[in-house]
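Observations on chain architecture
Take a look at the letters that make up each chain.
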Amino acid sequence: MIGRRTSGDQEYIYEPVKVTTVLQVTREEKLTETQVQSIFDLLSAPSSKKKWGQPKPLSLDEISLRKGRDFVTVISDLDTGDLLVTAHSNK
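The following refers to the structure shown. The structure presented is a predicted model; accordingly, all values stated were derived computationally and were not measured.

With that settled, consider the overall build of the chain. Counting secondary structure elements, the chain contains 3 helices and 3 strands. Beginning at the N terminus, the succession of helices and strands in the chain can be written as α-α-α-β-β-β. Long-range pairs, those at least 24 residues apart, make up 21% of the contacts in the chain with a sequence separation of at least 6. Of the roughly 7300 Å² that the chain leaves accessible, carbon and sulfur atoms contribute 54%.

What follows is about helix α2 (residues 22-29). Think of an α-helix as 3.6 residues a turn; residues three or four steps apart then line up on the same face. Taken residue by residue, α2 has Val 22, Val 25 and Thr 26 as its buried positions. Considered in projection along α2, the buried side chains sweep an arc of 105° and stay on one side of the axis. Turning to α2, the residues buried within the fold contact α1 (7-19) and α3 (33-44). At the exit of α2 stands Lys 30, carrying a positive phi of roughly 55°.

Where strand β2 (residues 69-77) meets strand β3 (residues 83-89), 6 bridges bridge the pair, whose relative direction is antiparallel. In the sheet register, Phe 71 faces β3, and the bridge partner there is Ser 89. As consecutive antiparallel partners, β2 and β3 are separated by 5 residues, and within that stretch Gly 81 has a phi angle of approximately 80°, a positive value.

Cut-off values and rules
- Throughout this description, residue numbers start from 1 for each chain and increase along the sequence as written.
- Given that this is a predicted model, residues contribute local features only at a pLDDT of at least 70 and side-chain atom pairs are listed and counted only at 80 or more, while totals for whole chains, interfaces and linings are drawn from all residues.
- Side-chain measures here rest on the full set of heavy atoms in the structure, leaving out hydrogens and waters.
- Secondary structure counts use DSSP, requiring at least four H or I residues in a row for a helix and at least two E residues in a row for a strand, with both numbered from the N terminus.
- Contact criterion: two residues are considered in contact whenever any of their non-hydrogen atoms come within 4.5 Å of each other.
- Here the open area of atoms and residues is found with the Shrake-Rupley method and a 1.4 Å probe, where only the protein chains shown may cover a residue.
- Throughout this description, buried means an accessible area under 20% of the type-specific maximum (1.4 Å probe, protein chains only), exposed means over 50%, and partly exposed covers the range between.
- Arc, as used here, means the arc of the directions from the helix axis to the C-beta atoms.
- At least two bridges found by DSSP between two strands is the condition for calling them paired.

In structure tokens form, the structure reads like this:
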């Protein structure tokens, strides 16, 4: 039965179970206890959570191309020194 539900539907069921009970959500959503428990088990399993890894150290700087005018925001990777983004900004 879980496969027929979208991830949005599953999230809608999962969130209330975290703060109430499976039985209460079962009554409110008119689902079986097995359906609600299966959705909760699926979404709370460690393998279903995104693994982000370590954040990268970045440099964020704003420089002026001409004295006091035409500012550019520069983002670079501190580990490699690579330029990642430049964006014109106005002050």
